[in-house]
Amino acid sequence: MRRRALLSGGAGAVVGAAGVLGGFAVHDRVIGSADPSAGSSAASSGSGDATPAAPPVARYESTSLVAPRLTVRTVAGGSVAPGLLITTPDTSGMTPCLFDEDGEPVWVAGDVETATDLRVQRYRGERVLTYWAGRISTSGNGVGRGVILDSSYRTVAEVRAGHGVLADMHEFELTDDGTALLLSYPAAQADLTALGGPAAGWIIDCRVQEVDVASGRVLLDWRASDHIPLTESENPLGGRGTSADVLYDPYHLNAISADGAHTLLLSCRHTSTVYSLDRSTGRIRWRLGGRRSDFDVAEDAAFVYQHHARRRSATEISLFDNHTRTETGTSRGLVLTVDEQARTVRLKQAYAYAGHLASAMGSTEILPNGNVLVGWGLSPYATEFTADGRLVREISHLGSMTYRVYKQAWTGRPTTTPDLAARTVSSGEVRVAASWNGATEVSRWRVLAGPAAGDLATVRTVPRSGFETTATVDAAPKVA
């Protein structure tokens, strides 16, 4: 973000920041009960994909950046996990954003393409921000690349799929080996007669690739159609698959993660199945859920059209259960107890609130203090629960949707200069507004004024009060 030189009463203005580390200033509006009738904005929204007609946005004097104006509600006595809220809310395009505990922006990406899956990962031993960037089609898949940023928001690497395909929006996962796990959704021909379609039909296939970040070399290229019969799909054919312009989507793979040194964990929305994949041979080790489950899944642990499956321990897997193929129901974050020897799956804990329903997207994250953060996808909310399912915080107005939501520690130290606006508010006073996009360690701002740029003195010090901090001072030829 470029530095702005603005005039105040005919004089130039520059800006500086006192970067003293300080804690979060929490000013959340408190509600007294976890009951949906206790005044939650989520409760009043009702069931279904709650999409506000015009999500409220925040605009600033010091910068042209725009961010969602979030509403944060905390239950009295609730123990909230520390960290920044990290997501890509859809306001005027899905934009990478970091928010503090008050729901105030900390960083808003500038001119980027549509993005998904913003989060903190590790690359070469360093904490980095990563996201997918590109274009999303009307069928819900993407063509783009993975992006890695350092703590100053400079691009470290861009990772692309290989072998003639483009990276899809659903996953960009870094591994401890300096590789990235990517998805791709290429068109392919397939025999659809088993589903009542043409023999020379057309599908959206799914490819899983592992790519070396530094060299771009493809280390693994796995095709779903080689290993998963089309008859496993729970997505109706519905007249699709007749041509390359009318593709049938049988798999809709939406999550990949390393599951030990030799195994990958995959999630296919349209088969309602989580797969364990042998990383060396490409063989499916087992299926959890769906039409061919290798496990006895308890009724209350069953899921449909799920997202964001992740291994949490040797015996636990978490996922987001969209829990719907229609527009009715309630979605859930799930933590499942999985016994691979006995082939049983039992529900450890479910997380649902206020009838939130996401027919697509969504995430479930286990936080370091044991709390669980659920992002509701097409229902633009994020809800934090204790491990045993008690509501502690609800965040609303995440644009019209958000693919995944995380809460993570992040220290941002941008190399850009802060932004400043200054304007006369009366004959003897000037209002200054300052922001520093991405800086997480600003505690207070110091306002300087004087007769010349080389002759300035501190006239006021004010604590940071959100993304943009304002102060009113006596007019002077120069303010900084």
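Here, residues in each chain are numbered from 1, in the same order as that chain's written sequence. In view of the model being predicted, local features appear only for residues whose pLDDT reaches at least 70, and side-chain atom pairs are presented and counted only at 80 or more, with totals across whole chains, interfaces and linings using the full set of residues. Excluded from the side-chain calculations are hydrogens and water; all other atoms, namely the structure's heavy atoms, are used.

All right, on to the side chain of Arg-310 then. Runs of H or I in DSSP of at least four residues are treated as helices and runs of E of at least two as strands, each being numbered from the N terminus. One can find Arg-310 in strand 25 (residues 307–313). Throughout, exposure labels follow a simple rule: accessible area from a 1.4 Å probe, protein chains only, divided by the maximum for the residue type, with under 20% read as buried, over 50% as exposed, and the rest as partly exposed. Given the relative accessible area of 7%, Arg-310 is considered buried. For Arg-310, the side chain forms a polar contact with the side chain of Glu-171, separated by 3.0 Å. What makes two residues a contact is simply this: any of their non-hydrogen atoms within 4.5 Å. When sequence neighbours within four positions are dropped, the list of residues in contact with Arg-310 reads Arg-119, Glu-171, Glu-173, Ala-255, Ile-256, Ser-257, Leu-265, Glu-316, Ile-317, Ser-318 and Arg-404. Here a polar contact is recorded for every N or O atom pair within 3.5 Å, except that within protein the pair must consist of a potential hydrogen donor and a potential acceptor, and residues adjacent in sequence are included only if both atoms are side-chain atoms.

A word on the packing of aromatic side chains. Any two rings among Phe, Tyr and Trp, with Trp reduced to its six-membered ring, count as a pair given centres within 6.5 Å; such a pair is stacked if its planes are under 30 degrees apart, edge-to-face if over 60, and tilted if neither. In this structure the tally under the stated criterion is 6 aromatic pairs. The interplanar angle of 50° and the centroid separation of 4.8 Å between the aromatic rings of Tyr-60 and Phe-467 together place this pair among those described as tilted. One end of the pair, Tyr-60, is in the loop between strand 4 (57–58) and strand 5 (67–68); the other, Phe-467, is in the loop between strand 37 (455–463) and strand 38 (468–474), with 407 residues separating them in the sequence. No difference in accessibility class separates Tyr-60 from Phe-467, as the two residues are buried. Relative to Phe-295, the ring of Trp-286 lies with its centre 5.1 Å away and its plane at 85°, an arrangement referred to as edge-to-face. Take Trp-286 and Phe-295: they sit in the same class, and that class is buried. Members of the aromatic cluster, connected to one another through ring pairs, are Trp-107, Tyr-153 and Trp-410. Placement of a positive charge over a ring is assigned whenever Lys NZ or Arg CZ falls within 6 Å of the ring centre and within 35 degrees of the normal to the ring plane. Lying across the ring of Phe-295, Arg-343 places its NZ or CZ 5.1 Å from the centre.

Here the focus is the nonpolar core. Within soluble globular proteins, side chains that are nonpolar generally end up buried alongside one another. Side-chain atoms within 4.5 Å link the members of a nonpolar core, which is a set of buried Ala, Val, Leu, Ile, Met, Phe, Trp, Tyr and Cys residues. With 26 residues, the main nonpolar core has Trp-222, Leu-253 and Leu-266 as its most contacted residues. Sorting the residues of this core by element identifies strand 15 (179–184), strand 16 (187–190), strand 17 (201–204), strand 19 (218–223), strand 20 (253–258), strand 21 (263–268) and strand 22 (273–278) as the ones contributing at least two each. A per-element tally of this core places strand 21 first, with 3 residues. The contact partners of Leu-266, leaving out residues within four places of it in the chain, are Val-208, Trp-222, Leu-253, Ala-255, Ile-256, Thr-273, Val-274, Tyr-275 and Leu-277. Listed in part, the 22 residues of the second largest apolar core include Val-128, Val-165, Leu-182 and Val-213.

What follows is about the sheet that holds strand 13 (residues 155–159). Taken together, the 4 strands give an open sheet; going across it, the order is 10-11-12-13, and neighbouring strands pair in antiparallel fashion. Every other strand in the sheet has two partners, leaving strand 10 (114–123) and strand 13 as the edge strands with one partner each. For this sheet, the mean inter-axis angle between neighbouring strands, taken without regard to orientation, is 25°. When DSSP finds at least two bridges between two strands, those strands are taken to pair. Where strand 10 and strand 11 (residues 126–136) come together, 8 bridges link them in antiparallel fashion. Residue pairing across strands places Arg-119 opposite Thr-130, the latter belonging to strand 11. Each axis is a line fitted through C-alpha atoms, and for a helix only the stretch in contact is used; angles between axes span 0 to 180 degrees, taken between their N-to-C directions.

This next bit is on the confidence of the model for the protein chain. How sure the predictor is of each residue is captured by pLDDT, a score from 0 to 100. Within the protein chain, residue pLDDT values average 88, and 88% of them lie at 70 or more. Predicted confidence is poor over residues 1–52, with pLDDT under 50, and the contacts of this stretch with residues over four places away or in other chains come to 136 contacts.

Relative to the assigned elements, Leu-266 resides in strand 21. For the pair Leu-266 and Arg-310, spaced 44 residues apart in sequence, the C-alpha separation works out to 8.6 Å.

Here the focus is the side chain of Ser-435. Tracing the sequence through the fold places Ser-435 in strand 35 (residues 429–435). A distance of 2.7 Å separates polar atoms of two side chains, one belonging to Ser-435 and the other to Ser-62. Contacts of Ser-435, omitting those with residues within four sequence positions, involve Ser-62, Thr-63, Pro-418, Asp-419, Trp-445, Phe-467 and Glu-468.

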